[in-house]
Amino acid sequence: MSRKLGMLFSIGICLMAGFSLPVQAGYLLEEQPHLRDSILVVSDLFNIGRSQIVAGRENEVSIYDEGELVATIAGFAGNVTALAAGDLTGDFRPEIVIGTDNYSYYVYQSVRGAWRQISEQRYLWSPVVDLKIADITGNGWGDVVVRTERGEAFIYLSWGGGLDLFWRSQPNANVKYVCVGDLDGVGGAEVIFTYHSGYVGVLGWVDGQLELLGQNYPWGTIDSVFLVKAVPDELPELAVVTGQNIFYAWKYTGDNLVTVRHFPVDLDGHIIKYLPQLGIVNMSGRSGITTYALGSGALNKVASLALFNVQDLVVFDDTFLVQETDGSCYLLHQVDPDEIELLINNRTVTESLGIKLHNGRLYLDLDGLASLLGLIQFGSKRIFLISGLNYMVIDPGEGVLTWRDTVVPLAENVLAEDSRFYLPISLLSVFGYETEYDYEANRLVINRSWGWWW
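These numbers were taken from a predicted model, which means no experiment stands behind them.

(A) Structural view of the overall build of the protein chain. Of regular secondary structure, the protein chain possesses one helix and 43 strands. Dimensions of the protein chain, computed from the C-alpha atoms along their principal axes, are close to 85 × 55 × 40 Å. Across the protein chain, every contact between residues at least 6 apart in sequence was considered, and the portion connecting residues at least 24 apart equals 41%. Entry remark: accessible area of the protein chain is about 21,000 Å², with carbon and sulfur atoms responsible for 47%. One way to put it: in the protein chain the 29 positive side-chain charges average out to a point 5 Å from where the 54 negative ones average out.

(B) Quick look at the confidence of the model for the protein chain. Chain-level pLDDT for the protein chain is 88 on average; 93% of the residues reach the 70-or-more range. In this model, residues 1-25 is a region of pLDDT below 50 whose contacts with residues beyond four sequence positions or in other chains number 76 contacts.

(C) Region of the structure containing the sheet that holds strand β12 (residues 128-134). Spatially, the four strands line up as an open sheet ordered β12-β13-β14-β15, and their pairing is antiparallel. At either margin of the open sheet sits one strand with a lone partner, and together these are β12 and β15 (162-168). When strand polarity is set aside, the average angle formed by the axes of neighbouring strands in this sheet is 25 degrees. Relative to strand β13 (residues 143-148), β12 is paired through six bridges, and the arrangement is antiparallel. By the bridge assignment for β13, Asp130 is matched with Arg147.

(D) Inspection of the nonpolar core at higher detail. Core analysis: the largest hydrophobic core is formed by 33 residues, its most contacted members being Leu342, Ile394, Leu423, Leu428, Phe431 and Ile446. Those elements that place two or more of their residues in this core are β31 (341-344), α1 (366-372), β36 (383-387), β37 (390-395), β38 (400-403), β41 (420-424), β42 (433-438) and β43 (443-448). Here this core gets four residues from one element, more than from any other, and that element is α1.

(E) Structural detail: the pairing of β38. Sheet topology places β37 next to β38; three bridges connect them, and they run antiparallel. Paired with Asp395 across the bridge in β38 is Val400. In this antiparallel pair of consecutive strands, β37 and β38, the connection spans four residues, and Gly399 shows a positive phi of 70 degrees. In this structure, β38 lies alongside strand β39 (residues 406-409), joined through four bridges in antiparallel fashion. Among the inter-strand pairings, Thr402 is bridged to a residue of β39, identified as Val407. Linking β38 to β39, which pair antiparallel, is a turn of two residues; within it Arg404 sits at a positive phi near 50 degrees.

(F) Molecular detail of the sheet that holds strand β25 (residues 279-284). If you walk across this open sheet you meet the four strands as β24-β25-β26-β27, and the pairing is antiparallel. Each of the sheet's edge strands pairs with one partner strand only, and the pair in question is β24 (271-275) and β27 (299-305). Pairwise comparison of adjacent strand axes, ignoring direction, gives a mean angle of 25 degrees for this sheet. Pairing analysis gives six bridges linking strand β26 (residues 288-294) to β27, with the strands arranged antiparallel. Bridge assignment links Ala293 to a residue of β27, and that residue is Asn300.

(G) Structural detail: the side chain of Glu95. Residue placement: Glu95 occurs in strand β9 (residues 95-100). There is no salt bridge for the buried Glu95, and the closest opposite charge comes from Arg93, which lies 7.0 Å off by N-O distance. Only 2.7 Å separates the side chain of Glu95 from the backbone nitrogen of Leu88, close enough to count as a polar contact. At 3.0 Å, the side chain of Glu95 and the side chain of Gln109 are in polar contact. Once you skip the residues sitting within four places of it in the chain, Glu95 turns out to touch Ala84, Ala85, Gly86, Asp87, Leu88, Thr89, Val107, Tyr108, Gln109 and Ile118.

(H) Representation of the pattern of salt bridges within the structure. All told, the structure shown has 17 salt bridges when counted by the stated rule. The partner of Lys176 in a salt bridge is Asp223, with the nearest N and O atoms 3.9 Å apart. Placement of the pair is Lys176 in strand β16 (residues 175-181) and Asp223 in strand β20 (residues 222-228), with a sequence separation of 47 residues. Judged by relative accessible area, Lys176 falls into the partly exposed class, the value being 22%. By relative accessible area, which is 26% here, Asp223 ends up partly exposed. For Asp438, the salt bridge goes to Arg443, with nearest N and O atoms at 3.9 Å. According to the relative accessible area criterion, Asp438 is buried, its value standing at 18%.

(I) Structural view of the pairing of β25. Counting buried positions over the six residues of β25 gives six, a clear majority of the element. Sheet topology places β24 next to β25; five bridges connect them, and they run antiparallel. Counted as the bridge partner of Tyr274 is Ile280 from β25. Between β24 and β25, which follow one another and run antiparallel, lie three residues. Looking at chain direction, β25 and β26 are connected through five bridges and run antiparallel. Looking across to β26, one finds that Ile280 is bridged to Tyr292.

Here is what the cut-offs are and how they apply
Residues numbered from 1 in each chain as written. Predicted model: local features only at pLDDT ≥ 70, side-chain atom pairs only at ≥ 80, totals over all residues. Heavy atoms only, no water. Helix = DSSP H or I, 4+ residues; strand = E, 2+ residues; numbered from the N terminus. Contact = heavy atoms within 4.5 Å. Areas by Shrake-Rupley, 256 points an atom, 1.4 Å probe, with all protein chains shown as cover. Lys, Arg positive; Asp, Glu negative; His and termini not counted. Charge placed at Lys NZ, Arg CZ, Asp CG, Glu CD. pLDDT = per-residue confidence, 0-100. Pairing = 2+ DSSP bridges. Axes fitted to C-alpha atoms, helices over the stretch in contact; angles between N-to-C directions. Core = buried A, V, L, I, M, F, W, Y, C linked by side-chain atoms within 4.5 Å. Buried < 20%, exposed > 50% of the residue type's maximum accessible area, 1.4 Å probe, protein only. Salt bridge = Lys/Arg side-chain N within 4 Å of Asp/Glu carboxyl O. Polar contact = N/O pair within 3.5 Å; in protein donor to acceptor, adjacent residues only side chain to side chain.

Structural data, given as structure tokens:
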């Protein structure tokens, strides 16, 4: 499917170090305008071996399969504030749980191709901000963990085809995070809940009851909590990063949850999570995305990427959805720039054209590009581009373009490297060219669309 190349980025090969990639491979982010300002969850809803994207925005939930809208859920009260998907009925097909700002959550199931509400509305006295689904009891049916804006947490267990409230946090406890996962390896997920003030508790299913299996009081406020596997075949560790920049990790050894790591860290991001494909991921508006491997006494830096203002990375089959703080959403594609097929004005280009990836953006060698576009280009500091009797001047030092005494600031500057100039793909529109990229065919198409300066 062809997409406009208005916002085109690339990420270095080190992002997915666990993948086998060609040396020159990189990544492009394809804008997903239909997912903008959405709450996202990914799941194989139809048990067909590939994931669908569930997107909640305002008072509607949309389901996309291979980029196409295949279903819509509406009719619930309020706007979507949280989403989760998981098997609540033991039929190996996920249900969708929708949390809203109407102080409620709803459960929907696919019934003969239509999504229908199968559980009564649950009223929680505050907007729902987080939902988790996991099999806590080990009976094969998923259970629901809810956190509200007021800082309350609730656990609903699946019994007899319904969801029954089985546990709630103490009043005024101010629960900041909840997460779920099998910490002890005996089946059934444990529920981890933290208070903003610096408390971590672990609940587990024991002899038909939810019991407090462990608790700790790290130094500082809780800034993040997640499960991480240091060794693939071993039990996960429960990790916490505090406001004092201290990393804690606990792990089950025998019947006890014991401290296995405790060391200072230097993380400037406020969004930290663990993804098996990448390791520990720190997302920062100042330093971009940094990935780490878990060491015995430190977090070992693996990669640092110039992607700023990233709010979340969502695993989507063998790639990622990238959500930014302004609501934008992108799909990450693996691309080898040396294998890109280039078409200019419907003609396949056989001449060599240098392509460079720099700070997450795609650049084209200006010398080669000017020749292909029929322009005369010269200049070692200021760039003169001539077409017939008209000319345009690009001043990289000032970050501006001048045409007939009109000065226009450049949204992206020209790159000077290896004694050559490289033009960012976004500036082709200034020259009157449209660009499209076909991700399936790995094809870049450049066509002249208008000629205000010719």
